[in-house]
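Chain by chain, the residues:
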Amino acid sequence: MEKSFDSQDKIKDAKIIFVVGGPGSGKGTQCERIVAKYGYTHLSSGDLLRAEVASGSDRGKQLQAIMQKGELVPLDTVLDMIKDAMIAKADVSKGFLIDGYPREVKQGEEFEKKIGKPCLLLYVDAKSETMIKRLLKRGETSGRSDDNEETIKKRLDLYYKATEPVIAFYESRGIVKKVDSELPVDEVFVQVSQAIDSLKP
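Everything numeric in this text was worked out from a predicted model, so none of it was measured. (Residues numbered from 1 in each chain as written. Predicted model: local features only at pLDDT ≥ 70, side-chain atom pairs only at ≥ 80, totals over all residues. Heavy atoms only, no water.)

Enquirer: So what's going on with the UniProt feature "binding site: AMP" (unreviewed entry) in the protein chain? Residues and values would help.
Expert: The UniProt record annotates "binding site: AMP" (unreviewed entry) at Ser 45, Arg 50, Glu 71, Leu 72, Val 73, Gly 100, Tyr 101, Pro 102, Arg 103, Gln 107, Arg 144 and Arg 155. Note on placement: Arg 50 falls in helix α3 (residues 45-55). Structurally, the position occupied by Val 73 is in the loop between α4 (58-68) and α5 (75-89). Aside from chain neighbours lying at most four places away, what touches Val 73 is Leu 49, Leu 63, Ile 66, Met 67 and Val 78. (UniProt positions renumbered as here; feature names shortened; annotations may be inferred. Helix = DSSP H or I, 4+ residues; strand = E, 2+ residues; numbered from the N terminus. Contact = heavy atoms within 4.5 Å.)

Here it is as C-alpha cells:
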C-alpha cells in the first residue's frame, strides 16, 4: 500500500488549473503558451484516451471497445489516467493544466476527492459566431469531417449545456477567471498571465 501513498503525495500540493473553452475558442493555443512560460504540464483527457488506445495496452483495448460502441468512458477510468499522468510528471512540473475537464459538476467533485482541488478555473471565452468561423476555417485546411457548420453548431450546443453548470459551480467558490478570447492571441495571453501570476505561491 505504501507506494500508492508516496505517489499520491507527489501531487498533493500541486497547482491545478482547469481550462474550459469551447471548440475553436483558442484554448489549445493558450495552454501551449502557459506550458512554455510557466513550466506547467498540459493534460487533455481526450489526448490521454487516444494515447492509451494507440499504446495497445489492456486498458487501451478496453477503452477502444467502449468508444467504438459510442459509449462514454467511465469517469473512474478518466480520473485514473489523469492521476497517473500527473504522478508521472510530478517531479518536473510546476503545475497542471487539466483541459476539457470537468464536463459536469459531478466530475469536478470526483476529481477533488481522488486527486485534488483546482486553484483556478480558466474560462477561455469566445462568442459562438467566432468559434464557428474559426472551426470552419480550420475545416478548410484540416480535412476534419466534423468541421462543418451543422456539426459545429451541435458541438457548441453540447458544450454550452455541459459547461454552464460547471462554471457556475466554481464561480460560487470565486476561482473562475474569464478571459476574452475575441482579442488577438497575445492580448488574451496577457489576461491569462495575470490570472496565473495572482495565484498564491
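Enquirer: Explain the pairing of strand β4 (residues 120-125) residue by residue, including any values.
Expert: Of all six residues making up β4, six are buried, and the element is well covered by its neighbours. Here β4 shows no split at all, with Leu 120, Leu 122 and Val 124 on one side and Leu 121, Tyr 123 and Asp 125 on the other all buried. Sheet topology places strand β1 (residues 16-21) next to β4; five bridges connect them, and they run parallel. Residue pairing for β4: Gly 21 is matched across the bridge by Val 124. Here β4 runs beside strand β5 (residues 176-180); their pairing, made up of five bridges, is parallel. Across the sheet, residue Asp 125 finds its bridge partner in β5, namely Asp 180. (Buried < 20%, exposed > 50% of the residue type's maximum accessible area, 1.4 Å probe, protein only. Pairing = 2+ DSSP bridges.)

Enquirer: So what's going on with the UniProt feature "binding site: ATP" (unreviewed entry) in the protein chain? Residues and values would help.
Expert: Residues annotated by UniProt as "binding site: ATP" (unreviewed entry) correspond here to Gly 24, Ser 25, Gly 26, Lys 27, Gly 28, Thr 29, Arg 138 and Leu 183. Along the polypeptide, Gly 26 turns up in the loop between β1 and α2 (27-38). Classification of Gly 26 by relative accessible area gives partly exposed; the value is 28%. Every residue in contact with Gly 26, bar those within four places of it in the chain, is listed here: Val 124, Arg 134 and Ser 181. With respect to the element layout, Lys 27 can be found in helix α2. Beyond its immediate sequence surroundings of up to four residues, Lys 27 is in contact with Val 19, Val 20, Gly 21, Asp 99, Gly 100 and Val 124.

Enquirer: Any chance you could break down the environment of Ile 115 for me, citing the residues and the numbers?
Expert: Here Ile 115 is to be found in the loop between α6 (105-114) and β4. Residues Ile 115 and Tyr 38, spaced 77 residues apart in sequence, show a C-alpha to C-alpha distance of 21 Å. Among residues more than four places away in sequence, those in contact with Ile 115 are Gln 8, Ile 11, Ile 16, Leu 79, Ile 82, Lys 83 and Met 86.

Enquirer: Give me the nonpolar core: which residues, what numbers.
Expert: In terms of nonpolar packing, the biggest core is built from 32 residues, with Ile 82, Met 86, Ile 98, Tyr 101, Phe 111, Ile 115 and Leu 121 touching the most fellow members. Elements supplying a minimum of two residues to this core: β1, α3, α4, α5, β3 (96-99), β4 and α8 (149-171). Setting aside chain neighbours within four positions, we find Phe 111 in contact with Ile 16, Phe 18, Leu 79, Ile 82, Met 86, Ile 98, Tyr 101 and Gly 116. Counting residues in each nonpolar core, the second largest holds 17 residues, with Tyr 40, Leu 97, Leu 120 and Ile 196 among its members. (Core = buried A, V, L, I, M, F, W, Y, C linked by side-chain atoms within 4.5 Å.)

Enquirer: Give a detailed account of the packing of aromatic side chains, specifying residues and quantitative values.
Expert: Throughout the structure, instances matching the rule amount to six aromatic pairs. With a centroid separation of 5.0 Å and 80 degrees between ring planes, the pair formed by Phe 18 and Phe 111 is classed as edge-to-face. With Phe 18 in strand β1 and Phe 111 in helix α6, the pair connects residues that are 93 residues apart, well separated along the chain. An identical accessibility class is assigned to Phe 18 and Phe 111; each is buried. Taken together, a centroid distance of 6.1 Å and an interplanar angle of 45 degrees make the contact between Tyr 101 and Phe 111 tilted. Of the two residues, Tyr 101 sits in the loop between β3 and α6 while Phe 111 sits in helix α6, which places them ten residues apart along the sequence. For the pair formed by Tyr 101 and Phe 111, the shared burial category is buried. (Phe/Tyr/Trp six-rings, centres within 6.5 Å; stacked < 30°, edge-to-face > 60°.)

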